[in-house]
Amino acid sequence: MTAVIAVASGVIFWGVGLISEPLSALFQFVPGMSALTWGLFYFAGPLAAVIVRKPGAALFAELIAGIVEAFLGSHWGGLGTILPGLIQGLAPNSSSWPSPTRRGIWR
């Protein structure tokens with residue numbers, strides 16, 4: 001299930017990458033308006049984390065989505081899509097990292 005989410009997200013990322021530059025140029029006259037398209041690049045990790053509910057699902061989904069986007073031909077290049085995918089996948093997974101409350105030290 002995570003792989004399906006990742007591949008579909010990679011294709012969507014590729015499509016958004018094609019239209020994000022013209023849209024950001026169109027939105028450039030209003031400060032901050034071009035950031036509306038940036039949010040579309042962050043949905044794969046949280047979506048996989050919510051649906052799959054396993055540690056590492058968000059990281060896997062974002063990383064595979066970045067790889068798929070790179071193979072489809074992103075204008076940011078291979079490392080320019082895979083590395084941000086890895087970093088974006090770490091944030092949703094940070095909630096599943098061990099903490100003192102999880103081990104029962106703080107009750």
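Note that the coordinates shown come from a computational prediction; the quantities given were computed from them, not determined experimentally.

## Considering the overall build of the chain
- Summing up its helical and strand segments, the chain has five helices and zero strands in all.
- Order of helices (α) and strands (β) in the chain, N terminus to C terminus: α-α-α-α-α.
- Classification of the 107 residues of the chain by burial places 27% in the buried group.
- Considering only contacts within the chain whose residues lie at least 6 apart along the sequence, 64% involve residues at least 24 apart.
- Surface accessibility of the chain: about 6700 Å² in total, with carbon and sulfur atoms responsible for 73%.

## A closer look at the environment of Val 68
- Within the element layout of this structure, Val 68 appears in helix H3 (residues 57-72).
- In the structure, Val 68 is positioned 10 residues away from Gly 78 in sequence and 9.8 Å away in space, judged by C-alpha atoms.
- Setting aside residues no more than four positions away along its own chain, Val 68 makes contact with Val 7, Gly 10 and Val 11.

## Section: the packing of helix H1 (residues 2-26) against helix H2 (residues 44-52)
- Taken N-terminus to C-terminus, the directions of H1 and H2 make an angle of 160°; their axes are 10 Å apart at the nearest point. In terms of axis orientation, H1 runs roughly antiparallel to H2. Seen from above, H1 lies across H2 with right-handed handedness. The residues of H2 that touch H1, namely those facing Thr 2, Ile 5, Ser 9 and Phe 13, are Ala 44, Leu 47, Ala 48, Ile 51 and Val 52.

## Section: H2
- Restricting attention to buried positions, one finds in H2 the residues Ala 44, Gly 45 and Ala 48. Summarising the axial view, the buried residues of H2 lie within an arc of 95°, below the 170-degree limit, and thus occupy one face.
- Looking at the buried residues of H2, the elements they touch are H1, H3 and helix H4 (79-93).
- Phi turns positive one or two residues past the end of H2, at Arg 53, with a value near 60°.

## Thoughts on the confidence of the model for the chain
- Per-residue confidence for the chain gives a mean pLDDT of 83, with 89% of residues at or over 70.
- Highest mean pLDDT in the chain belongs to H3 (91); lowest belongs to helix H5 (residues 100-103) (57).

## Some remarks on the side chain of Ser 74
- Within the secondary structure, Ser 74 is located in the loop between H3 and H4.
- Owing to a relative accessible area of 15%, Ser 74 belongs among the buried residues under this scheme.
- Setting aside its immediate chain neighbours within four residues, Ser 74 contacts Trp 14, Glu 69 and Thr 81.

Rules used in this analysis
- Residues numbered from 1 in each chain as written.
- Predicted model: local features only at pLDDT ≥ 70, side-chain atom pairs only at ≥ 80, totals over all residues.
- Heavy atoms only, no water.
- Helix = DSSP H or I, 4+ residues; strand = E, 2+ residues; numbered from the N terminus.
- Buried < 20%, exposed > 50% of the residue type's maximum accessible area, 1.4 Å probe, protein only.
- Contact = heavy atoms within 4.5 Å.
- Areas by Shrake-Rupley, 256 points an atom, 1.4 Å probe, with all protein chains shown as cover.
- Axes fitted to C-alpha atoms, helices over the stretch in contact; angles between N-to-C directions.
- Parallel < 35°, antiparallel > 145°, perpendicular 65-115°, else oblique.
- Left-handed = near helix turned anticlockwise from the far one by under 90°.
- Arc of directions from axis to C-beta.
- pLDDT = per-residue confidence, 0-100.

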